[in-house]
Amino acid sequence: LNQNKPAFKCLTDRSDLVDVDGKNSKFVLCQRCDAKVLRPGIAVFTEKELFLPSMKKKSSLNTSEGSLDGDTLMTHWLVTDIFDFENVGITKDVGRIKYLICADCEIGPIGWHCLDDNTKFYVALERVNHA
Amino acid sequence: MDPRYDIPRRAAAGGGGGSANSSPALGAQSRRRKIPPRPADFKLQIIIIGSRGVGKTSLMERYTDDTFCEACKSTVGVDFKIKTVELRGKKIRLQIWDTAGQERFNSITSAYYRGAKGIVLVYDITKQETFDDLPKWMKMIDKYASEEAELLLVGNKLDCETDRIISRQQGERFASRISGMRFCEASAKDNFNVDEIFLKLVDDILSKMPLEVPNKELSNSVLSLQPEPEVPPELPPPRIRCC
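Definitions and cut-offs
Residues numbered from 1 in each chain as written. Chains lettered and ligands numbered in written order. Predicted model: local features only at pLDDT ≥ 70, side-chain atom pairs only at ≥ 80, totals over all residues. Helix = DSSP H or I, 4+ residues; strand = E, 2+ residues; numbered from the N terminus. Buried ≥ 20, exposed ≤ 12 C-beta atoms within 10 Å, placed from the backbone. Contact = placed C-beta atoms within 7 Å. Core = buried A, V, L, I, M, F, W, Y, C linked by C-beta atoms within 7 Å. Arc of directions from axis to C-beta. Pairing = 2+ DSSP bridges. Axes fitted to C-alpha atoms, helices over the stretch in contact; angles between N-to-C directions. Expected span 1.5 Å × (residues − 1).

**Digging into the overall build of chain A**
Okay, step 1: The number of helices and strands found in chain A is one helix and nine strands.
Okay, step 2: In chain A, the order of α-helices and β-strands from amino to carboxyl end is α-β-β-β-β-β-β-β-β-β.
Okay, step 3: Within chain A, the fraction of its 131 residues that count as buried is 38%.
Okay, step 4: Considering only contacts in chain A between residues 6 or more positions apart, those separated by 24 or more positions represent 50%.

See the structure below:
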């Protein structure tokens, strides 16, 4: 498994986005349709190594040959209650994983959720906009 | 041709089998946690049911262009969506469940029905059998859903008007026999009436929630929906009327 994409965003970006409590200081929006995913102050900045399938259309979530097109992402917004989202779509199970997508235009995955912990929903910083 | 309305009276709630490992469990767990809602927030569960191919999923999934859904809809699909709407000055979080892929009447677990405050029952105006199936769906609603759940009957595929087989009057007539059931026609393809469907349902649900919101707050705020015509007073109160 070789990931060829740099996973880390530079630190200077982050202070813009994280408030003193470690929460998102801005709205989290869909990159394509601007739908509101999270309001400011809802989610906690978290570092965790998570693999998300590519947002490009031809990538498929069912691993045909074990080679899944996607990115390993390190920085996420952690949401502890699904009802804290303004708008979000949740996919059906892929193993123990559910992916998060935009509720309006359905682009994704923008985030990750494991059925083993019902209080952790991750939204990848690199897959959303902030405003 | 109308289906027969030989539906038993709404049975007492419950009677659902276990479904702990199916996906609705996620919602069930969220419900159980009982975290007090943030100010001006309501959480409502809405489910979309109906026979195969009537367009349930497209009522929930708006776009069908080159998106995630094309890449993986058939393989994964959307389980549910959280959507926030504002109505009567309140923010309401909707959890919308699509039951597509489980259309056999008995395969949709009772967990879907149990927590639903709103149920959208969909048929296809171009397919007689989807309309004929409605009484069977009503049986499921009677068996599993809360008696307070708001019902909305949707004749979908209004964009296929030339292939229409079920007249608008037939749909209206079916809905009018079930107390409190609303009716509309929609086209998920061009999004006609789709947002309105959910807003209408939410508005009905909110109007039934006097205990959780001081009444004056609700009645003082401006309604952003067109008022629906009242159910004719001569209609009997029970939801199901046996013929």
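From this point on, the discussion continues.
**Overview of the nonpolar core**
When a protein is soluble and globular, its nonpolar side chains tend to lie buried together.
Okay, step 1: Val123 of chain A together with Ile119, Val120 and Leu121 of chain B are the most contacted members of the largest nonpolar core, which totals 89 residues.
Okay, step 2: When residues in this core are grouped by element, the largest group, seven residues, is from helix H8 (residues 194-207) of chain B.
Okay, step 3: If sequence neighbours within four positions are ignored, Ile119 of chain B has contacts with Ile47, Ile49, Ile141, Ala145, Ala149 and Leu151 of chain B.

**Here we look at helix H6 (residues 134-144) of chain B**
Okay, step 1: Among the residues of H6 of chain B, those classed as buried are Leu134, Trp137, Met138, Ile141 and Tyr144 of chain B. An end-on view of H6 of chain B places all buried positions within 145° of arc, on one side of the element.

**Structural notes on the sheet that holds strand S9 (residues 128-130) of chain A**
Residues and elements named next belong to chain A.
Okay, step 1: With respect to topology, three strands assemble into an open sheet ordered S2-S1-S9, the strand pairing being antiparallel. With one partner strand each, in any of the chains shown, strand S2 (36-38) and S9 form the two edges of the open sheet. With strand direction ignored, the average angle separating the axes of adjacent strands in the sheet is 45°.
Okay, step 2: Here strand S1 (residues 28-30) pairs with S2 via two bridges, running antiparallel. Note that in S2 the partner of Val28 across the bridge is Leu38.

**Observations concerning the environment of Thr130 of chain B**
All names here are of chain B.
Okay, step 1: Assignment of secondary structure puts Thr130 in helix H5 (residues 128-132).
Okay, step 2: A residue is classified by how many C-beta atoms lie within 10 Å of it, and Thr130, with 25 of them, is buried.
Okay, step 3: C-alpha of Thr130 to C-alpha of Arg173: the two residues are 43 residues apart in sequence and 16 Å apart in space.
Okay, step 4: For Thr130, the residues in contact, after removing those within four places along its chain, are Gly50, Ser51, Val54, Tyr123 and Asp124.

**Examining H8 of chain B**
Okay, step 1: With 14 residues, H8 of chain B ought to run about 20 Å at 1.5 Å a step, and its terminal C-alpha atoms sit 20 Å apart, in line with that.
Okay, step 2: Three or more residues of H8 of chain B are buried, namely Val194, Ile197, Phe198, Lys200, Leu201, Val202, Asp203, Ile205 and Leu206 of chain B.

**Considering unusual backbone geometry**
Residues and elements named next belong to chain A.
Okay, step 1: Residue Gly108 is joined to Pro109 through a cis peptide bond whose omega torsion reads 0°.
Okay, step 2: Look at Asp34: it is not a glycine, yet its phi comes out positive at around 70°.
Okay, step 3: Of note, the phi angle at Glu106 is positive, near 70°, even though the residue is not glycine.
Okay, step 4: Among the structural elements, Glu106 can be located in the loop between strand S6 (97-101) and strand S7 (111-114).

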